[in-house]
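Read off the chains here:
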Number of protein chains: 2
Amino acid sequence: MRDFLPADKASREHALGVIRQSFSAHGFDEIETPVMEDAARLHSGLGGDNEKLAFAVMKRGLKATDVAAAVAADDLLSLADLGLRFDLTVPLARFYATHRAELPTVFRAIQIAPVWRAERPQKGRYRQFVQCDIDIIGEAGPLAEIELITATAATLDALGLTGCSIRINDRRILTTMLGHWGIAPELSERALITIDKLDKIGVDGVVAELAGLGVDTAGIADTVNTLGGSGWNVGAEAPDWLDQTAFADLLALRAAMPGVDLVFDPTLVRGMGYYTGTIFEISHPTLGYSLGGGGRYDGMIGRFLGTDVPACGFSIGFERIVDLLGADDASTARAVVLVHNPDANPAQLVNLKTALVADGLRVRLERRTKNLKALLDRAAEAGFGRFAFVGNDTTTAAELEFKDLGT
Amino acid sequence: MRDFLPADKASREHALGVIRQSFSAHGFDEIETPVMEDAARLHSGLGGDNEKLAFAVMKRGLKATDVAAAVAADDLLSLADLGLRFDLTVPLARFYATHRAELPTVFRAIQIAPVWRAERPQKGRYRQFVQCDIDIIGEAGPLAEIELITATAATLDALGLTGCSIRINDRRILTTMLGHWGIAPELSERALITIDKLDKIGVDGVVAELAGLGVDTAGIADTVNTLGGSGWNVGAEAPDWLDQTAFADLLALRAAMPGVDLVFDPTLVRGMGYYTGTIFEISHPTLGYSLGGGGRYDGMIGRFLGTDVPACGFSIGFERIVDLLGADDASTARAVVLVHNPDANPAQLVNLKTALVADGLRVRLERRTKNLKALLDRAAEAGFGRFAFVGNDTTTAAELEFKDLGT
């Protein structure tokens, strides 16, 4: 868990503002749920391995006898009635089940909020981090995928992240492929985990791992070799392993979004088992990791609601994205420092400051110190672009002479 | 704890954006700390009664033997190593102690974040709520109070909350007054709690409660009678009980902020014991409760740092304020609904939508239903201002005919 100092916090809030505005413009509605959910709901099986990483909140007013009873019953989990959410999908399903009558038939949700996982501390993994999710609940057709992907691509643009592409696949294509290879359904999840590693372990590695599962790999190497780079062209060859219905649906998505760099990748898997149709991920040519992803999960909401509702979602990896963004130059130009003498009249200072704020500037007062250079360097580092001295006889903002702060 | 549906969440985010922008323009820097702090720090005595309300987070990987040992040692608190913060002041003190070397000499902090208290559920009390605090650390002079109060008054204006005044007092004035009344120091806190209730229990009630504490109340009733309404005029009378130095300081603050409706109220107390100088609260003529408050707390940061640092803060009551705000008309005018036929071409829809978003509009697609009126009413309720039908032959945004949605 991290503290955010002013410069980092400003970058984060700037990016969050851009994301919020962009998703909202695309017709999504932001909601918020409490950070704590009932422990039973967090451990209902929808969260996969993340469930084990939930922080548990102790019941209030526990007495020694209650605790001793939990020990005797070998049920330490009963000491906690609440937990911190480990994702935003379980809370969304609970929210939708609770408030369905108050929501539009097709509900386009934004959730921008922290989640918590009790991971072992390691580089790039945080125990508290922000997720930015959009989800469309109640739309079974391709309009859901189209709205999610166009809104996400527009948001990456608005953040200034150019060159991103969206890799896309469909769970049905993976299922057909495994069937064609003669892989038994009970081995599918493990085979998918292997295929997901193609870019790391190569074709030989994938074939070796599949063989290790007891799969007859004759002919698989040749197919796997064609999977990686062919993209949409693979459709022209109409290989046996390709589910033609699912592929035609993907081609239609591509045709509907000519402005988005959509790349077909039949080796894209995505970890969570709840996906039922399309799956997608954000790639950037200079990065070895994805900047976000999502897919269709038509069965999941039904588990809370008791009746099936189609759903599809896209999550952008906020922590990764915010690290890639540069400084916000527009806000630096508008940020000024007023350097004043230690004996300056507070009323005069606040009067000048108020006038500049009314003009749309961000204004920091700094008492003059012996080491003026250090003071100005610190202000430049903190994102201020200009400074002026306040003389004891300066009474109006028009008298201030602003100079640029070197950066 | 509450879920926020789209309309409420939009109001909250709009207000948070205004507050963030206004505080930032006034030279404050936003920071963020993790929602969990070490349990030991949360229970260090700085949080007053709120410490008892902290949600406790269980240690990970607890074994039955650990728990049994905690029961045997009668130390159930040892089962938790973390807790959810109950305010933003304890985390600020910890943050400042950790990062002091990286912060400006005078540090003006913004913290806008949720806090948690395990209160019994009751009307208007929430277990998760947002606090908006600004604090100035390292400024001993009146410039701290002036910057805090002018920034807060400007923020209330920016939110559209007109007619607010700031009641102000000084702990030194209260101390002198109690001394003048012959109230022993060990009774001061209880006497202050009584005085704080003047507007609820009246002069007779205050005198009766003070008498109940064993105070000789001869003459006190007359003084209390003059406390309530006289405001700044009481200074002209220079009553014995008034600390003239502290009062002169308050007059100087008033002179420095002619644009702020600053009201002297010698009965203003504020609950927290850590205040050492000025104290202030936001009043609104139509409300029986305060919309925020703060004061100087010069001793507190030192308890974490080991060396004294002056500090002063102002917190606005976000949950109360957001309930008072009206709809954001500007965003309604920019929000439009496109009503389309069930068999509309998704590519055509997303093309129209993208063009309108690029023009700065917020766009929601709605599939036409039999009950069109219900659909449009729901869109109006959700904050959309206009709608247009998409014909199957509509290809450009210019062909759309927008009509107002009645509200």
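Residues numbered from 1 in each chain as written. Chains lettered and ligands numbered in written order. Predicted model: local features only at pLDDT ≥ 70, side-chain atom pairs only at ≥ 80, totals over all residues. Heavy atoms only, no water.

**Examining the overall build of chain A**
- On a plain count of helices and strands, chain A comes out with 16 helices and 15 strands.
- Structurally, chain A occupies a C-alpha span of about 85 × 65 × 45 Å along its principal axes.
- The proportion of buried residues among the 407 residues of chain A is 54%.
- Carbon and sulfur atoms provide 51% of the accessible area of chain A, an area that totals close to 17400 Å².
- Here chain A carries 40 positive and 54 negative side-chain charges, and the mean point of each set is 7 Å from the other. (Helix = DSSP H or I, 4+ residues; strand = E, 2+ residues; numbered from the N terminus. Buried < 20%, exposed > 50% of the residue type's maximum accessible area, 1.4 Å probe, protein only. Areas by Shrake-Rupley, 256 points an atom, 1.4 Å probe, with all protein chains shown as cover. Lys, Arg positive; Asp, Glu negative; His and termini not counted. Charge placed at Lys NZ, Arg CZ, Asp CG, Glu CD.)

**Considerations on the relation of the copies chain A and chain B**
- When chain A is fitted onto chain B, the two copies agree to an RMSD of 0.1 Å after a turn of 180 degrees and an axial shift of 0.0 Å. Considering both components of the superposition, the chain copies are consistent with a two-fold axis. Closest approach to the rotation axis among the C-alpha atoms of chain A is made by Val 57 of chain A, whose C-alpha sits 2.2 Å away. (Least-squares fit on C-alpha atoms with pLDDT ≥ 70 in both.)

**Looking at the interface of chain A and chain B**
- Between chain A and chain B, the contact holds 74 residues from the first and 74 residues from the second.
- Ranking the residues of chain A by area buried against chain B places Asp 3, Glu 32 and Met 58 of chain A at the top, with a combined share of 10%.
- Put simply, chain A and chain B have 16 salt bridges between them.
- Across the pair Glu 13 of chain A and Arg 20 of chain B runs a salt bridge, and its minimum N-O distance is 3.3 Å.
- At the surface where chain A touches chain B, the tally comes to 34 residue pairs in polar contact (both at pLDDT 80 or more).
- If one sorts the elements of the side of chain A that touches chain B by residue count, helix H1 (residues 6-25) of chain A sits on top with 7 residues. (Contact = heavy atoms within 4.5 Å. Buried area = accessible area lost by both parts, 1.4 Å probe. Salt bridge = Lys/Arg side-chain N within 4 Å of Asp/Glu carboxyl O. Polar contact = N/O pair within 3.5 Å; in protein donor to acceptor, adjacent residues only side chain to side chain.)

**Let's talk about the packing of aromatic side chains**
- All chains considered together, the criterion is met by 20 aromatic pairs over all chains.
- Ring geometry for Tyr 96 of chain B versus Phe 107 of chain B: centroids 6.5 Å apart, planes at 20 degrees, classification stacked. Linking Tyr 96 of chain B in helix H4 (residues 89-99) with Phe 107 of chain B in strand E5 (residues 107-116), this pair joins segments that are 11 residues apart in sequence. Phe 107 of chain B shares its class with Tyr 96 of chain B; the two are buried.
- One aromatic cluster in this structure is built from Phe 95, Tyr 96 and Phe 107 of chain A.
- Its guanidinium or amino end placed over the ring of Phe 4 of chain A, Arg 12 of chain A lies 3.9 Å from that ring's centre, counting from NZ or CZ.
- A cation over an aromatic ring shows up here: Arg 2 of chain B above the ring of Tyr 126 of chain B, its NZ or CZ 3.3 Å from the ring centre. (Phe/Tyr/Trp six-rings, centres within 6.5 Å; stacked < 30°, edge-to-face > 60°. Lys NZ or Arg CZ within 6 Å of the ring centre and 35° of its normal.)

**A closer look at the sheet that holds strand E12 (residues 335-340) of chain B**
Residue and element names in this part refer to chain B.
- If you trace the 4 strands from one edge of the open sheet to the other, you get E13-E12-E14-E15, paired in mixed fashion. At either end of the open sheet lies a strand with only one pairing partner, and these are strand E13 (362-367) and strand E15 (403-404).
- In this structure, E12 lies alongside E13, joined through 6 bridges in parallel fashion. Considered in E13, the bridge of His 340 is made with Arg 367. (Pairing = 2+ DSSP bridges.)

**Brief notes about the sheet that holds strand E1 (residues 29-30) of chain B**
All names here are of chain B.
- In spatial order, the strands read E1-E5-E6-E11-E10-E9-E7-E8; together these 8 strands make up an open sheet with mixed pairing. Strand pairing shows two members of the sheet lacking a second neighbour, E1 and strand E8 (262-264), which therefore form its edges.
- Relative to the sheet, helix H6 (residues 171-180) contacts strand E7 (165-170), E8 and strand E9 (278-283), its axis offset from that of E7 by approximately 50 degrees.
- Where helix H11 (residues 244-256) meets the sheet, its contacts fall on E7, E8 and E9, and the angle it forms with E7 comes to roughly 155 degrees. (Axes fitted to C-alpha atoms, helices over the stretch in contact; angles between N-to-C directions.)

**Section: the nonpolar core**
- Ranked by size, the top nonpolar core spans 94 residues in total, and within it Ile 149, Trp 181, Leu 210 and Leu 262 of chain A carry the most contacts.
- Among the elements that take part in this core, helix H5 (residues 143-158) of chain A stands out by supplying 7 residues, more than any other.
- Not counting chain neighbours up to four residues away, the residues in contact with Trp 181 of chain A comprise Ile 195, Leu 210, Asp 216, Ile 220, Thr 223, Val 224 and Leu 227 of chain A.
- Of all hydrophobic cores here, the second largest spans 93 residues; its members include Ala 144, Leu 187, Phe 264 and Ile 321 of chain B. (Core = buried A, V, L, I, M, F, W, Y, C linked by side-chain atoms within 4.5 Å.)

**Remarks on the side chain of Glu 319 of chain A**
Residue and element names in this part refer to chain A.
- Note on placement: Glu 319 falls in helix H13 (residues 318-324).
- Taking the relative accessible area as the measure of exposure, Glu 319 reaches 10% and is therefore buried.
- A distance of 3.0 Å separates polar atoms of two side chains, one belonging to Glu 319 and the other to Arg 2.
- Polar side-chain contacts of Glu 319 include one of 2.8 Å to the backbone nitrogen of Val 130.
- Ignoring any residue separated from it by four or fewer positions in sequence, one finds Glu 319 in contact with Arg 2, Arg 12, Phe 129 and Val 130.

**Some thoughts on the domain arrangement of chain A**
- Domain annotation for chain A reports domain 1 (1-134 + 147-160) and domain 2 (329-404).
- Measuring from the centre of the C-alpha atoms in domain 1 of chain A to the corresponding centre in domain 2 of chain A gives 41 Å. (Domains from an automatic or database assignment.)

**What to know about unusual backbone geometry**
- Despite not being glycine, Asp 74 of chain A has its phi angle at roughly 55 degrees, a positive value.
- For Asp 74 of chain A, the location among the structural elements is in the loop between helix H3 (64-72) and strand E4 (80-84).

**A closer look at the state of the cysteines**
Residues and elements named next belong to chain B.
- Across all of its chains, the model carries 0 disulfides over all chains by this definition.
- Considering cysteine sulfurs only, Cys 164 is the nearest to Cys 132, which forms no disulfide, with 14 Å between them.
- Take Cys 164: its relative accessible area is 17%, and that puts it in the buried class. (Disulfide = S-S within 2.5 Å.)

**A short note on the packing of H6 of chain B against helix H7 (residues 188-196) of chain B**
Residue and element names in this part refer to chain B.
- Viewed as axis vectors pointing N to C, H6 and H7 meet at an angle of 105 degrees, and their least axial separation amounts to 11 Å. Comparing their axes, H7 and H6 come out roughly perpendicular. For the pair H6 and H7, contact is made by Arg 171, Leu 174, Met 177 and Leu 178 and by Ser 188, Glu 189, Ala 191, Leu 192 and Ile 195, respectively.
- For the contact of H6 with H7, the residue count by class is 6 nonpolar, 1 polar and 2 charged. (Parallel < 35°, antiparallel > 145°, perpendicular 65-115°, else oblique. Nonpolar A, V, L, I, M, F, W, Y, C, P; charged D, E, K, R; others polar.)

**Quick look at the pairing of strand E7 (residues 165-170) of chain A**
All names here are of chain A.
- With 5 of its 6 residues buried, E7 lies for the most part within the structure.
- For E7 and strand E9 (residues 278-283), the ladder comprises 6 bridges, and the chain directions are antiparallel. Looking at the pairing, Arg 167 lines up with Glu 281 of E9.
- Examined bridge by bridge, E7 and strand E8 (residues 262-264) share 3 bridges and lie parallel to one another. The residue bridging Ile 168 from the neighbouring strand is Phe 264, located in E8.

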